[in-house]
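Close look at the chain arrangement
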Amino acid sequence: MNTQRREVLKSGSAAGLFGLLVAAGLITTQQAQAAGWDKPAFEAKTMDEALKALGAGKPADSKDVQISGPDIAENGAVVPVGVKSALADTEFIAILIEKNPSMLAASFTLPAGTMADVSTRVKMGQTSNVFALVKAGGSFYMVSKEIKVTLGGCGG
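Residues numbered from 1 in each chain as written. Predicted model: local features only at pLDDT ≥ 70, side-chain atom pairs only at ≥ 80, totals over all residues. Heavy atoms only, no water.

Considering the sheet that holds strand S7 (residues 128–136)
- Read from one edge of the open sheet, five strands run S2-S8-S7-S4-S5, paired in mixed fashion. The strands lining the two open edges of the sheet, one partner per strand, are strand S2 (72–73) and strand S5 (104–109).
- In the sheet, S2 pairs with strand S8 (residues 139–149) via two bridges, with the strands oriented parallel. When the bridges of S8 are listed, Ala73 appears paired with Val149.
- Packed on one face of the sheet, helix H5 (residues 47–54) meets strand S4 (90–97), S5, S7 and S8 and runs near 160 degrees to S4. (Pairing = 2+ DSSP bridges. Helix = DSSP H or I, 4+ residues; strand = E, 2+ residues; numbered from the N terminus. Contact = heavy atoms within 4.5 Å. Axes fitted to C-alpha atoms, helices over the stretch in contact; angles between N-to-C directions.)

Some words on the pairing of S4
- Of all eight residues making up S4, seven are buried, and the element is well covered by its neighbours.
- Of the pairings in the sheet, the one linking S4 to S5 comprises five bridges and is antiparallel in character. Looking at S5, one finds that Phe92 is bridged to Thr109.
- In this antiparallel pair of consecutive strands, S4 and S5, the connection spans six residues. (Buried < 20%, exposed > 50% of the residue type's maximum accessible area, 1.4 Å probe, protein only.)

Description of the pattern of salt bridges
- One pass over the full model with this rule turns up two salt bridges.
- Among the salt bridges present, the one from Lys145 reaches Asp71, with a minimum N-O distance of 2.8 Å. Taken together, the positions of Lys145 in strand S8 and Asp71 in the loop between strand S1 (65–68) and S2 put the pair 74 residues apart, joining distant regions of the chain.
- Residue Lys135 pairs with Glu91 through a salt bridge whose shortest N-O separation is 3.6 Å. In this pair, Lys135 is assigned in strand S7 and Glu91 in strand S4, connecting sequence segments 44 residues apart. (Salt bridge = Lys/Arg side-chain N within 4 Å of Asp/Glu carboxyl O.)

What about the environment of Ala136?
- Within the element layout of this structure, Ala136 appears in strand S7.
- By relative accessible area, Ala136 is classed as buried at 4%.
- Each C-alpha atom, one on Ala136 and one on Ala86, is 9.6 Å from the other, the two residues being 50 residues apart in sequence.
- If we skip the residues at most four places from it in the chain, Ala136 touches Leu87, Ala88, Asp89, Thr90 and Tyr141.

Quick notes on the nonpolar core
- Val81, Val83, Met124 and Val130 are the most contacted members of the largest nonpolar core, which totals 24 residues.
- For this core, the secondary-structure elements that each account for two or more residues are S1, strand S3 (79–85), S4, S5, strand S6 (117–122), S7 and S8.
- Ignoring any residue separated from it by four or fewer positions in sequence, one finds Val130 in contact with Ile67, Val81, Ile95, Leu96, Ile97, Met124, Val143, Ser144, Lys145 and Ile147.
- One finds Phe42, Ala50, Leu51 and Phe92 within the second-largest nonpolar core, a separate group that totals 17 residues. (Core = buried A, V, L, I, M, F, W, Y, C linked by side-chain atoms within 4.5 Å.)

As for the sheet that holds S3
- Spatially, three strands are ordered S1-S3-S6 in an open sheet, and the strand pairing comes out antiparallel. The open sheet is flanked by S1 and S6, the only strands paired with a single partner. Mean inter-strand twist for the sheet, computed between neighbouring axes without regard to direction, equals 15 degrees.
- Pairing of S3 with S6, which is carried by six bridges, proceeds in the antiparallel orientation. Looking across to S6, one finds that Val79 is bridged to Val122.

Put into structure tokens, the structure is as follows:
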């Protein structure tokens, strides 16, 4: 493991990983909270609650933020999603899924000088809009993409 990777992990960008580990039953909620997990944000049920918990207010649209993922996901249990920001001084990226029981799927805190390009796999229970929330230069920006989840992986 190189130094940059260690710094990213120490910076708190592993919050999405903590949520995944809790959901999988590999660690307890108390262990995740002790490591800096943002419980109110990950427990938010609506977009307004999630944005409030993240301190985002009403984010602006930006063409400098791109969200990637499949148009159709054959398996909602492992949907690859990526976010890339060309905004200067990007310090935070979050992935939110509109129709999931808890909207916030992952969050990443980026140390200064880090390339703002993250990717992960998220779980989606149904077709939904997936949002990328980015904080750069003290302001928040958001973009979205609809990802269709097929039932039974039949592509229809």
